[in-house]
Amino acid sequence: MLSHVLARGKRILIGRPMRSDAAGHQLLPKRIALPIFASDALSSVAYAPDEILLTLALAGGMAALQSIWVGVVVACVLAVVVLSYRQTVYAYPSGGGDYEVVTTNLGRTWGLVVAAALLVDYILTVAVSISSGAAYLTTAVPFLAGNEVLIAVGLVVILAMLNLRGTKEAGGAFAVPTYVYMFAIALMIVVGAVEFFTGTLGTAPTARYELLPAHGYTDGLVGLGGAFLLMRAFSSGCAALTGVEAISNGVPMFRRPKSKNAAATLALLGGIAATMMLSILLLSRASGVKIVEDPATQLLLDGAPVGEDVTVQPAIGQIASAVFGSGSPLFLLVTTVTGLILVLAANTAFNGFPTLASVLSKDSFLPRQLYKRGDRLAYSNGIVVLSLAAIILIIAFRAETTRLIQLYVLGVFVSFTLSQLGMVRHWNRALRSRQSGIERGAVLRSRAVNIIGFMMTGVVLLIVLITKFAHGAWITLIMIGVVFLIQLGISHHYRTIRSQLRVDDWSAKRALPTRVRALVLVSGLSKPSMRAVAAARASHPSALELVSVVADAQEEAKIRKEWEESGLPIPLTLLSSPYRDLNQVVLQYVRGRRRRSPGEMLIIYMPQFIVRHWWENIMHNQTAGRLRRALVNVPGVVITTVPWKLGEDAEVEGRQLINDPFKRTDNRVGAYDFKKDEG
């Protein structure tokens, strides 16, 4: 009863399962792909200018006026990165993105570094965006103040549920507010520009205040301290570049021609984000916007501190007040959709993280569960993992954007820099092949773009490390290192299992015919499966049948090939599962068997391998356990579990040591001489 209620609730929240062959209908047109993949970069317009102004305010009012030049440099870096990734989506369209580029050209180790950096950055994207959105919401609705953590966690759960319904459905839900946000900001910029040139532009709420320089910056931006502050402002403004790499990971999700549509979306993203950021910085300067962390100590009114009662709105809110008037309908529209887009920005990570995790899972660097798609053809397990990790960070940092943003940017620039270097090596390899003059010129131009990109992103990475290390970037480095080590550990685990499950001698795994009717459920003819076959044949069935469930043609071809190579004199039955629901398919087949022969006992053999340590179970799904529990309820069916203990091959196969039969067997090749235990 409980399982039925849970299943019903799942269908209501997520929707009905979709067939595997319906994946093509989930591909995204550019109009939907733009809000899905660009929401992160576009939302940066809401806080990247604030971070620039906030940092420069430490050196006083004259220093804050230089914010536009910092923005210009950030825009130049953004343009180079966008050009570079347009080349990446053509050269590596499979969806691996930076991970694939770096792994192919710089080696597996550096590829895993990039993967770890991106996974951490995606988690931080969700935490920062959702926390910032919660802050906007509590500003707009004051009685919610103090509940930022609870609100942020709730928003993460809502986003996760929407994404679990499928990529296209989530994109459709997010498209309208994202386009409304772009329209509102564009309208504010255009109206603000007209008012500026006609002399009717109002002033920001903080324009009447003076900035008090912090200790050590009383001389402005001169000297080493001033240069360091400019670098800090630049590194904070580079938050505008986050999310650009997500499109290179999501190329397979675009409609055909995939690379062309992905490149076009990248160009739109870069152009819109750069224009918005520079326009907001210009209007901030024109309207007198001031952004500070502590108004009571940094703002003066008529030469005296303003006190504790003064609050400073974000730059967009202050500009909207200057352009449209505080409390006007257009002011409310701008501030509302800005808070909403900060929440929706996390959706970029909800597409990038599961896709990258699936690629890493396929390469055996993350648990296998992250590779398979869920009921709605989304990478459900990846969405759940991302949500839980982001919630942990939100709770740990109390949803404080200022603290979380110090951890931001570093991971994505590690990825940017190594990806650019990887693309340079890609073009160097291309230059060694025979080419026409036109082709060689195109390759040389492409390499030049990536060389410039490598130098620029490398410099930014150094600046971020220098300026943000003591402010929290060291935590990001630790997180990246931990994820890197986890990937190595998982890879080692899977390599060990593959070596122990591999069948080296098919003839040695065959058993004598028996007289017991049996079904042997297998997913592949590994050692545990062959052990189950041997157990079934040893019980002398009157009929013996291998049964395997396949979701697509690739799985069917794989099991057929193994069956043919094995030479087993046992018929193979393949059950199609277009909805990837193994339990229901097997139950239906078993019940059909029982109905056709009600007087016959049916024994089902299920292979099971047992890991050495309890914690290794998290790297393997529990499909067999769920199926076993379901089959128990079918009348007249006997279930036999055939265990295979990893690392104990000698004990499992009944071999013993020649020299010392009392010694514990060792599965290392060449460690001992073995003989068959005939007793």
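Note that this is a predicted model, so its numbers are computed, not measured.

A.B. asks: If you had to explain the overall build of the protein to someone new, which residues and values would you point to?
C.D. replies: Along the protein, the regular secondary structure elements total 24 helices and ten strands. Among the 679 residues that make up the protein, the fraction classed as buried is 54%. A total accessible area of about 30,700 Å² is found for the protein, and carbon and sulfur atoms account for 62% of it.

A.B. asks: Break down the packing of aromatic side chains for me, with residues and values.
C.D. replies: Applying the stated criterion to the full structure yields three aromatic pairs. Between Tyr 85 and Phe 416 the ring centres are 5.6 Å apart and the planes differ by 65 degrees, which places this aromatic pair in the edge-to-face class. Here Tyr 85 is found in helix 4 (residues 67–91), whereas its partner Phe 416 is found in helix 18 (residues 410–431), with 331 residues between them in sequence. Neither residue differs from the other here; Tyr 85 and Phe 416 are each classed as buried.

A.B. asks: Which residues make up the sheet that holds strand 8 (residues 637–645), and what values go with them?
C.D. replies: Strands sit in the order 6-5-4-7-8 across an open sheet of five strands; the sheet is parallel. With partners counted over all chains shown, the strands left at the sheet margins are strand 6 (572–576) and strand 8, one partner each. Here the strands of the sheet are splayed against their neighbours by 25 degrees on average, with no regard to which way each runs. Pairing analysis gives five bridges linking strand 5 (residues 544–550) to strand 6, with the strands arranged parallel. Opposite Leu 546, over in strand 6, you have Leu 572 as the bridge partner. Helix 20 (residues 527–538) rests against strand 4 (518–521), strand 5, strand 7 (602–610) and strand 8 of the sheet, and its axis sits at about 145 degrees to strand 7. Contacts from helix 22 (residues 582–596) reach strand 4, strand 5, strand 6, strand 7 and strand 8 within the one sheet, and its direction differs from that of strand 5 by about 150 degrees.

A.B. asks: Give a detailed account of the side chain of Thr 417, specifying residues and quantitative values.
C.D. replies: Mapped onto the elements of the fold, Thr 417 is located in helix 18. Take Thr 417: its relative accessible area is 8%, and that puts it in the buried class. A distance of 2.8 Å separates a polar atom in the side chain of Thr 417 from the backbone oxygen of Phe 413. Here the side chain of Thr 417 touches Thr 457 through a polar contact of 3.2 Å, landing on its backbone oxygen. Once you skip the residues sitting within four places of it in the chain, Thr 417 turns out to touch Phe 454, Thr 457, Gly 458 and Leu 461.

A.B. asks: Give me the sheet that holds strand 3 (residues 304–305): which residues, what numbers.
C.D. replies: Reading across the sheet, the three strands line up as 1-2-3 and stay open at both edges, with antiparallel pairing between neighbours. The open sheet terminates on both sides in strands that have one partner only, identified here as strand 1 (210–211) and strand 3.

A.B. asks: For the nonpolar core, give the residues involved together with the corresponding values.
C.D. replies: Formed by 144 residues in total, the largest nonpolar core has its most connected members in Ile 130, Tyr 181 and Met 188. Ranked by the residues each element gives to this core, the list is headed by helix 6 (residues 108–140), at 18 residues. Within the second largest apolar cluster, 19 residues are counted, among which are Leu 525, Val 533, Leu 546 and Val 550.

A.B. asks: So what about a nonpolar patch on the surface? Which residues, and what values?
C.D. replies: A cluster of nonpolar side chains, contributed by Phe 469, Trp 474, Leu 477, Ile 478, Val 482 and Ile 486, occupies part of the molecular surface with about 540 Å² of accessible area. Structurally, Ile 486 is set in helix 19 (residues 437–501).

A.B. asks: Let's hear about the pattern of salt bridges: which residues, and what values?
C.D. replies: On inspection of all chains with the given rule, the structure shows four salt bridges. The residue Asp 363 makes a salt bridge to Arg 108 at a minimum N-O spacing of 3.8 Å. Of this pair, Asp 363 sits in the loop between helix 15 (346–362) and helix 16 (380–396) while Arg 108 sits in helix 6, and the two are 255 residues apart along the sequence. Residue Glu 556 pairs with Arg 560 through a salt bridge whose shortest N-O separation is 3.3 Å. Of this pair, Glu 556 and Arg 560 both sit in helix 21 (residues 553–566), four residues apart, which is roughly one turn of the helix. Glu 556 sits in the partly exposed class, given a relative accessible area of 30%.

A.B. asks: Mind laying out a negative patch on the surface, listing which residues take part and the relevant values?
C.D. replies: Negative charge collects at one region of the surface, where Glu 293, Asp 294, Glu 308 and Asp 309 lie side by side. The topology assignment puts Asp 309 in the loop between strand 3 and helix 13 (315–324).

Rules behind the numbers
Residues numbered from 1 in each chain as written. Predicted model: local features only at pLDDT ≥ 70, side-chain atom pairs only at ≥ 80, totals over all residues. Heavy atoms only, no water. Helix = DSSP H or I, 4+ residues; strand = E, 2+ residues; numbered from the N terminus. Buried < 20%, exposed > 50% of the residue type's maximum accessible area, 1.4 Å probe, protein only. Areas by Shrake-Rupley, 256 points an atom, 1.4 Å probe, with all protein chains shown as cover. Phe/Tyr/Trp six-rings, centres within 6.5 Å; stacked < 30°, edge-to-face > 60°. Pairing = 2+ DSSP bridges. Axes fitted to C-alpha atoms, helices over the stretch in contact; angles between N-to-C directions. Contact = heavy atoms within 4.5 Å. Polar contact = N/O pair within 3.5 Å; in protein donor to acceptor, adjacent residues only side chain to side chain. Core = buried A, V, L, I, M, F, W, Y, C linked by side-chain atoms within 4.5 Å. Patch = residues over 30% accessible without salt bridge, like charges linked within 9 Å, V, L, I, M, F, W, Y side chains within 5 Å. Salt bridge = Lys/Arg side-chain N within 4 Å of Asp/Glu carboxyl O. Lys, Arg positive; Asp, Glu negative; His and termini not counted. Charge placed at Lys NZ, Arg CZ, Asp CG, Glu CD.

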